[in-house]
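Chains, contacts and geometry: an overview
Chain by chain, the residues run as shown.
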Amino acid sequence: MASVGWWRWLLRGVLLCLLSSAALAADESDGETEAPAAELKVANRTILVLRATLLGESPEIRAARARAVINEVLDSSSELKVSLQPVHGSIMVRLGDRRAFIVSPGDVDPVQHDSVEAAANAAAQVLHQVVSENEESRNLRFMLLAAVYSVAATVVYLLLIRLIYFLRSKVL
């Protein structure tokens, strides 16, 4: 009889361990609801894909806020500098004197980048390209120069067509 009671206690102990580990696994999965990744896109350029929830903000909210800040700064300032600033294992990308967005370790795609620094540098390069293109689109001198080049290319094209007709009439 004593041996039967011992097996019951052992069976109860094993069941208790299994139930508690299942409950712990369920608790861990409930706390980690993963939000869908959000693409930070400005001026038809994908700057970064935000994947992690940071400071209680989902990737979608972070992308919308970053997009708003970048567009506001691009509209208000002319000469902007893109800079990086490390912050507690993450990297803050700054546009002028404003925070554009933060690249956290959870945002890094291991297929594309090795580290947070590499991802932040790539995002900063794309953001710098957006800033440069924005400055060019507002520069009157650049636009006039582009118009002159377009007119010159059109004139050269028309002269070449005229030359082809002239040579064709001489040969035939």
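Each residue is numbered by its place in its chain's sequence as written, counting from 1. Since the coordinates come from a predicted model, pLDDT governs what is reported: local features require at least 70, and pairs of side-chain atoms require 80 or more to be given and counted, while whole-chain, interface and lining totals use all residues. Side-chain descriptors were evaluated using all non-hydrogen atoms of the structure, hydrogens and water having been removed beforehand.

The next thing to look at is the nonpolar core. In these notes, a set of buried Ala, Val, Leu, Ile, Met, Phe, Trp, Tyr and Cys residues joined through side-chain atoms within 4.5 Å is what counts as a nonpolar core. Here the term buried applies to any residue with accessible area under 20% of the maximum for its type, exposed to any over 50%, and partly exposed to those in between, with areas from a 1.4 Å probe on protein chains only. Within the largest apolar cluster, 29 residues are counted, with the highest numbers of intra-cluster contacts made by Ile 47, Ile 70, Leu 95, Phe 101, Val 103 and Leu 127. Secondary structure elements with two or more residues in this core: strand S1 (38-42), strand S2 (45-50), helix H2 (59-76), strand S4 (90-95), strand S5 (98-103) and helix H3 (116-138). We count a stretch as a helix when DSSP gives it H or I for four or more residues in a row; a strand needs E for two or more, and each element gets its number in order from the N terminus. Top element by residues in this core is H3. It accounts for eight residues. Residues contacting Leu 127, with those up to four places away along its chain left out, are Ile 47, Ile 70, Val 82, Val 93, Leu 95, Ala 100 and Phe 101. Contacts between residues were defined by any pair of non-hydrogen atoms, one from each residue, lying within 4.5 Å.

Next up on the list: the sheet that holds S5. We treat two strands as partners when DSSP finds at least two bridges between them. Read from one edge of the open sheet, three strands run S3-S4-S5, paired in antiparallel fashion. Each end of this open sheet is capped by a strand with a single partner; those strands are strand S3 (82-87) and S5. Averaged over neighbouring strand pairs, the angle between their axes works out to 30 degrees when direction is ignored. Where H2 meets the sheet, it contacts S4 and S5, and its direction lies at approximately 150 degrees from that of S5. Think of each axis as a best-fit line through the C-alpha atoms, taken over the contacting stretch in the case of a helix, with angles from 0 to 180 degrees between the N-to-C directions.

Our next topic: the side chain of His 113. Looking at the secondary structure, you find His 113 in the loop between S5 and H3. Of the residues examined, His 113 reaches a relative accessible area of 18% and is grouped as buried. In this structure His 113 touches Val 108, Ala 118, Ala 119 and Ala 122, once residues within four positions along its chain are discounted.

Let us now look at a nonpolar patch on the surface. The patches described consist of residues with a relative accessible area above 30% and no salt bridge, like charges being joined within 9 Å and nonpolar side chains (Val, Leu, Ile, Met, Phe, Trp, Tyr) within 5 Å. Here the open area of atoms and residues is found with the Shrake-Rupley method and a 1.4 Å probe, where only the protein chains shown may cover a residue. The term salt bridge refers to a side-chain nitrogen of Lys or Arg lying within 4 Å of a carboxyl oxygen of Asp or Glu. Taken together, the side chains of Val 156, Leu 160, Leu 163, Phe 166 and Leu 167 define a hydrophobic patch exposed on the protein surface, amounting to about 460 Å² of accessible area. The residue Phe 166 is located in helix H4 (residues 140-171) in this model.

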